[in-house]
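Okay, here's what each chain looks like letter by letter:
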Amino acid sequence: MSLNPQYEEIGKGFVQQYYAILDDLANRENAVNFYSVTDSFMTFEGHQIQGAPKILEKVQSLRFQKISIVITTVDSQPTFDGGVLIFVLGRLKCDDDPPHSFSQIFLLKPNGGSFLVAHDIFRLNIHNSA
């Protein structure tokens, strides 16, 4: 395979779709459809998870009812196998909590005519200044 020339559009389109699903409580569990049953990895705040069923468990364990996500920037790069590496910087507000900055990295791998999330790393950008 070669570099995907549409990597920017793919990255931005994926991010819009992914966070729209997370924003919708009734639809949130469908985020699991972006992941492979066995071959996807997620690191959520340092906790490593493998496979769509375990990722779904993690998404369902998040206790917030309402979430508001504001995307600050999306940076994408093509990978040599036709995939897309995506870096997201944004702010999220859950329920009545104050907003927090976050970073998230996705590695999309080609899967037929679409993509699967092979790797996903999420981290709140909270610094201990003590």
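Rules and cut-offs
- Residues numbered from 1 in each chain as written.
- Predicted model: local features only at pLDDT ≥ 70, side-chain atom pairs only at ≥ 80, totals over all residues.
- Heavy atoms only, no water.
- UniProt positions renumbered as here; feature names shortened; annotations may be inferred.
- Core = buried A, V, L, I, M, F, W, Y, C linked by side-chain atoms within 4.5 Å.
- Buried < 20%, exposed > 50% of the residue type's maximum accessible area, 1.4 Å probe, protein only.
- Helix = DSSP H or I, 4+ residues; strand = E, 2+ residues; numbered from the N terminus.
- Contact = heavy atoms within 4.5 Å.
- Expected span 1.5 Å × (residues − 1).
- Arc of directions from axis to C-beta.

An unreviewed UniProt entry annotates the protein as NTF2-related export protein originating from Drosophila sechellia. UniProt, in its Function (unreviewed entry) section for the protein, records the words "Has a role in nuclear-cytoplasmic transport of proteins and mRNAs."

Draft legend 1. A look at the nonpolar core. Within the largest apolar cluster, 31 residues are counted, with the highest numbers of intra-cluster contacts made by Phe-14, Tyr-18, Tyr-19, Tyr-35, Ile-86, Phe-106 and Leu-108. Put simply, the parts of the chain that give this core at least two residues each are α1 (7-23), β1 (41-44), α2 (52-61), β3 (67-78), β4 (84-94), β5 (100-111) and β6 (114-124). Sort the elements by how many residues they give to this core and α1 lands first, with seven residues. Dropping the residues within four chain positions of it, Leu-108 is found in contact with Ile-10, Phe-14, Gly-83, Val-84, Ile-86, Phe-115, Leu-116 and Val-117.

Draft legend 2. The arrangement of α1 in detail. When the terminal C-alpha atoms of α1 are compared, their 24 Å separation across 17 residues agrees well with the 24 Å that a helix rising 1.5 Å per residue should span. Residues Ile-10, Gly-11, Phe-14, Val-15, Tyr-18, Tyr-19, Ile-21 and Leu-22 constitute the buried set of α1. Taken down its axis, α1 places every buried residue within 150 degrees of arc, on the same side. Projecting away from the buried face of α1 at angles above 90 degrees are the exposed residues Glu-9 and Gln-16. On its buried face, α1 sits against β1, β3, β4, β5 and β6.

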